[in-house]
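# A structural walkthrough
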Amino acid sequence: MTQNLDSPQIVWSPGLSQRTNSPVSKLVREWQLISSRRKEVDVVNSWKLPGSKVANLDQVLVRAGFNTARDDSQGDSYLWLLVKRATDEELAARIVLQRILPPLVAISRRRGQIVDGGIDAAIAEVLPTAWTVIRQYPWHRRPNKVASNLVLDSEYFAFVQANRTKKVKVFSVEPNLLGELVAEPETNEYFQDVSLENLISLAINQGIEPRHVEVLRAVASGQTAATIAKHYGIAERTARAWRAVAISELRARTQCAV
C-alpha cells in the first residue's frame, strides 16, 4: 500500500485483491470507480467535514486516519464523524468500510487458518459483519479509538459470538479466567514451563493483535470487564467482547483446546 499526500490515490494490492472474483477485489475495483467520481465527491463535500473540499475520496481516507499513526487523534475524530453519518448514509458507511479494509483482511488471513473453508469463508463472514457494525455503531457512546472498535467488534461478531455458548464456562470465570490456558498438568514435564506470558510470547510471534495482548495481560492481572471498560472508555459489554476475542485468538495461536 502506498500513499502520496499531494496526489492521494490509494494503491492497495494485498494478494487477495488480485483475485478478480474475490469480495476484496470487487471492493477495490468499486473504490477505484467511485473515489474520483463527481457524484460521490460532491456528496462528501456537502457534508462540510473538517478541512478544505476534497478532490477525491482517497483524501477522505487519509483524513480519517488511513495509513497514519496509531495515535492519530485528529484522524480518529474525523472517522467518528463519518461513522456518525454512516448510520443513515450508505456512502459514508462505504468510505468507513474502505478505511478499515486492510485490518479486516488481516483478520481473515488469521481466522482463515482455523475456520472451515479457509480465508474465503473468513472473508465472507467478516465483510458483511463489518458493514452491519459500521451502520449500527453507537457513535454517541464510543467516540474514541473508532477504527479499533470497529475492527474488534467485527471480529467478535463474525467469529466469536456464534461459538459463545460452547465457551461460556471459560468466559464466565472472572478471577481465573485464563486458568485453563495456563494449567500445568502434573504428569507431563513438557508443560511444566508453560505460563501465560510464555503463551502470549508465542502468540505474538504468530501475529496476534497488540490490543489483544493488552487485554490478555489486563485479565491475567485480575482486572474485570468493568475495569477494562473504564480504562479504554468503552461500554462493559464491549470490554467483554474484546476479552472474548483476545482469549479466542490466544487459544487459536497457541493451539490450546477448550
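Residues numbered from 1 in each chain as written. Predicted model: local features only at pLDDT ≥ 70, side-chain atom pairs only at ≥ 80, totals over all residues. Heavy atoms only, no water.

Turning our attention to the overall build of the protein chain. What the protein chain contains, in helices and strands, is 14 helices and 0 strands. Each helix and strand of the protein chain, placed in order from N terminus to C terminus, yields the pattern α-α-α-α-α-α-α-α-α-α-α-α-α-α. Looking at the protein chain as a whole, 48% of its 258 residues are labelled buried. Intrachain contacts of the protein chain at a sequence separation of at least 6 include 63% that bridge at least 24 residues. About 13,400 Å² of surface is accessible on the protein chain, with carbon and sulfur atoms providing 49% of the total. (Helix = DSSP H or I, 4+ residues; strand = E, 2+ residues; numbered from the N terminus. Buried < 20%, exposed > 50% of the residue type's maximum accessible area, 1.4 Å probe, protein only. Contact = heavy atoms within 4.5 Å. Areas by Shrake-Rupley, 256 points an atom, 1.4 Å probe, with all protein chains shown as cover.)

In this section: the nonpolar core. In a soluble, globular protein the nonpolar side chains are often hidden away together inside. If you look at the biggest cluster of nonpolar residues, it comprises 46 residues, and the most contacted ones within it are V44, L82, I95 and L150. Once residues lying within four places of it in the same chain are set aside, the contact partners of V44 are L49, V54, L57, V60, L91 and I95. With 20 residues, the next largest nonpolar core counts A218, I234, A246 and L250 among its residues. (Core = buried A, V, L, I, M, F, W, Y, C linked by side-chain atoms within 4.5 Å.)

Quick look at the packing of aromatic side chains now. Within this structure, the stated rule accounts for 3 aromatic pairs. Centroid distance W80 to W139: 6.1 Å. Interplanar angle 70°. Geometry classified as edge-to-face. Pair noted here: W80 is in helix α4 (residues 73-86) and W139 is in the loop between α7 (118-135) and α8 (146-160), with a separation of 59 residues, a long-range link. With a centroid separation of 5.0 Å and 70° between ring planes, the pair formed by Y156 and F157 is classed as edge-to-face. The exposure class of F157 is partly exposed, given its relative accessible area of 27%. (Phe/Tyr/Trp six-rings, centres within 6.5 Å; stacked < 30°, edge-to-face > 60°.)

Taking 1.5 Å as the rise per residue, helix α1 (residues 23-34) with 12 residues should run 16 Å; its terminal C-alpha atoms sit 17 Å apart, in good agreement. Regarding α1, the residues found buried are V24, S25, L27, V28, W31 and I34. (Expected span 1.5 Å × (residues − 1).)

Per the stated rule, a full pass over the model turns up 8 salt bridges. Its salt-bridge partner being R110, residue E155 comes within 3.6 Å of it at the nearest N-O pair. Of this pair, E155 sits in helix α8 while R110 sits in helix α6 (residues 101-111), and the two are 45 residues apart along the sequence. As far as burial versus exposure is concerned, E155 and R110 are alike and both buried. Notably, a salt bridge pairs D153 with R142, separated by 2.7 Å at the nearest N-O pair. One end of the pair, D153, is in helix α8; the other, R142, is in the loop between α7 and α8, with 11 residues separating them in the sequence. The pair formed by D153 and R142 is uniform in burial state, with each residue classed as buried. Put simply, R110, R111 and E155 are held in one network by salt bridges that share partners. (Salt bridge = Lys/Arg side-chain N within 4 Å of Asp/Glu carboxyl O.)

On average, residues of the protein chain score 77 in pLDDT, and 74% of them reach the 70 mark or higher. Of all the helices and strands in the protein chain, helix α9 (residues 164-171) carries the lowest mean pLDDT, 42, while helix α2 (residues 38-46) carries the highest, 97. Under a pLDDT of 50 for its full length, residues 1-17 has, in the predicted model, 42 contacts with residues more than four places off or in other chains. Note that pLDDT drops below 50 for residues 165-194; the model gives that stretch 43 contacts with residues more than four away or on any other chain. (pLDDT = per-residue confidence, 0-100.)

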